[in-house]
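Next come the chains, spelled out residue by residue.
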Amino acid sequence: MSKFLSHWFILLFLIWLVGYVFNIKQITDNVNLYYTNMFLIIGYIFVYLYNTKKRGYKYEPSYLFFEVSIHILPWLISYYLVKNKFKNKFAIYNLIIVILLYLQYIWGSKRELLNLNRERIEPRNPINIYLRDKHPTSWKEMKEMCQGKGGICRVADVIV
């Protein structure tokens, strides 16, 4: 899995989309993307503004278009497909469950790394991941950061 919460939200969207396309009621009745999609968009805007204003990042235009698209498209697609039934009682539960699973993954993997390496490493937490770690600003940087990794990195390999 990824260290970015947005990738977790996008994965939930893809699971929901498969459920919607194949009419899998267990998924479409219990997975609601309202808050996860809102969090995805608002979180991206915050991180983008922080990176451009505070850290001085300059994004390659095509890479920025890609990033904005993958953060907004889940909301656009799911809102278009579901219309007036977009928000229900499961929306907040889905958000909380994904965030808790993400935090368990981030903090759990830190412990595993400490046990494997037996050396002091920078703690993995959302603050370090989003506000201190280096983020790619171009396709070239993304490809360099993705050496030997899966997930969204496979998309970068195809595009670059």
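Preceding this paragraph is the structure being described.
Values in this document were obtained by computation on a predicted structure and should not be read as measured data.

A look at the environment of Phe13
Part 1 of the argument: Considering the arrangement of structural elements, one finds Phe13 in helix α1 (residues 5-21).
Part 2 of the argument: Each C-alpha atom of the pair Phe13 and Trp75 lies 8.8 Å from the other, and the pair is 62 residues apart in sequence.

Some points on the side chain of Asn37
Part 1 of the argument: With respect to the helices and strands, Asn37 occurs in helix α3 (residues 34-54).
Part 2 of the argument: Here the side chain of Asn37 touches Ser78 through a polar contact of 2.9 Å, side chain to side chain.

Quick look at the packing of α3 against helix α4 (residues 61-82)
Part 1 of the argument: The contact between α3 and α4 brings their axes to 8 Å, and the two run at 160°. Comparing the axis directions of α3 and α4 gives the class roughly antiparallel. As α3 packs across α4, the resulting crossing turns out to be left-handed. Only Leu64, Glu67, Val68, Ile70, His71, Ile72, Pro74, Trp75 and Ser78 of α4 make contact with α3, whose side of the interface consists of Asn37, Met38, Leu40, Ile41, Tyr44 and Tyr48.
Part 2 of the argument: Its residues assigned to classes, the contact of α3 with α4 shows 11 nonpolar, 3 polar and 1 charged.

Topic: the side chain of His135
Part 1 of the argument: Here His135 lies in the loop between α6 (126-132) and α7 (139-145).
Part 2 of the argument: Classification of His135 as buried rests on a relative accessible area of 7%.
Part 3 of the argument: Polar side-chain contacts of His135 include one of 3.1 Å to the backbone oxygen of Ile129.
Part 4 of the argument: Sequence-distant contacts of His135, that is, excluding residues within four places in its chain, are made with Phe4, Val47, Asn51, Arg55, Tyr57, Ile129, Tyr130, Glu141 and Met145.

Looking at the pattern of salt bridges
Part 1 of the argument: Across all of its chains, the model carries 2 salt bridges by this definition.
Part 2 of the argument: Where Asp133 meets Lys3, a salt bridge forms, and the shortest distance between an N and an O atom there is 3.1 Å. One end of the pair, Asp133, is in the loop between α6 and α7; the other, Lys3, is in the segment before α1, and 130 residues separate them in sequence.
Part 3 of the argument: Since its relative accessible area comes to 24%, Asp133 is described here as partly exposed.

Considerations on the nonpolar core
Side chains of nonpolar character tend, in soluble globular proteins, to be buried together.
Part 1 of the argument: By size, the foremost hydrophobic cluster in this structure holds 21 residues, and its most contacted members are Leu5, Tyr102 and Tyr130.
Part 2 of the argument: A total of 7 residues in this core trace back to one element, the largest contributor, which is α1.
Part 3 of the argument: Discounting residues that sit within four places of it in the chain, Tyr102 has contacts with Ser2, Lys3, Phe4, Leu5, Trp8, Pro126, Ile129 and Tyr130.
Part 4 of the argument: Judged by nonpolar contacts, the second largest core, of 7 residues, contains Tyr57, Tyr63, Phe66 and Met142.

Criteria and cut-off values
Residues numbered from 1 in each chain as written. Predicted model: local features only at pLDDT ≥ 70, side-chain atom pairs only at ≥ 80, totals over all residues. Heavy atoms only, no water. Helix = DSSP H or I, 4+ residues; strand = E, 2+ residues; numbered from the N terminus. Polar contact = N/O pair within 3.5 Å; in protein donor to acceptor, adjacent residues only side chain to side chain. Axes fitted to C-alpha atoms, helices over the stretch in contact; angles between N-to-C directions. Parallel < 35°, antiparallel > 145°, perpendicular 65-115°, else oblique. Left-handed = near helix turned anticlockwise from the far one by under 90°. Contact = heavy atoms within 4.5 Å. Nonpolar A, V, L, I, M, F, W, Y, C, P; charged D, E, K, R; others polar. Buried < 20%, exposed > 50% of the residue type's maximum accessible area, 1.4 Å probe, protein only. Salt bridge = Lys/Arg side-chain N within 4 Å of Asp/Glu carboxyl O. Core = buried A, V, L, I, M, F, W, Y, C linked by side-chain atoms within 4.5 Å.

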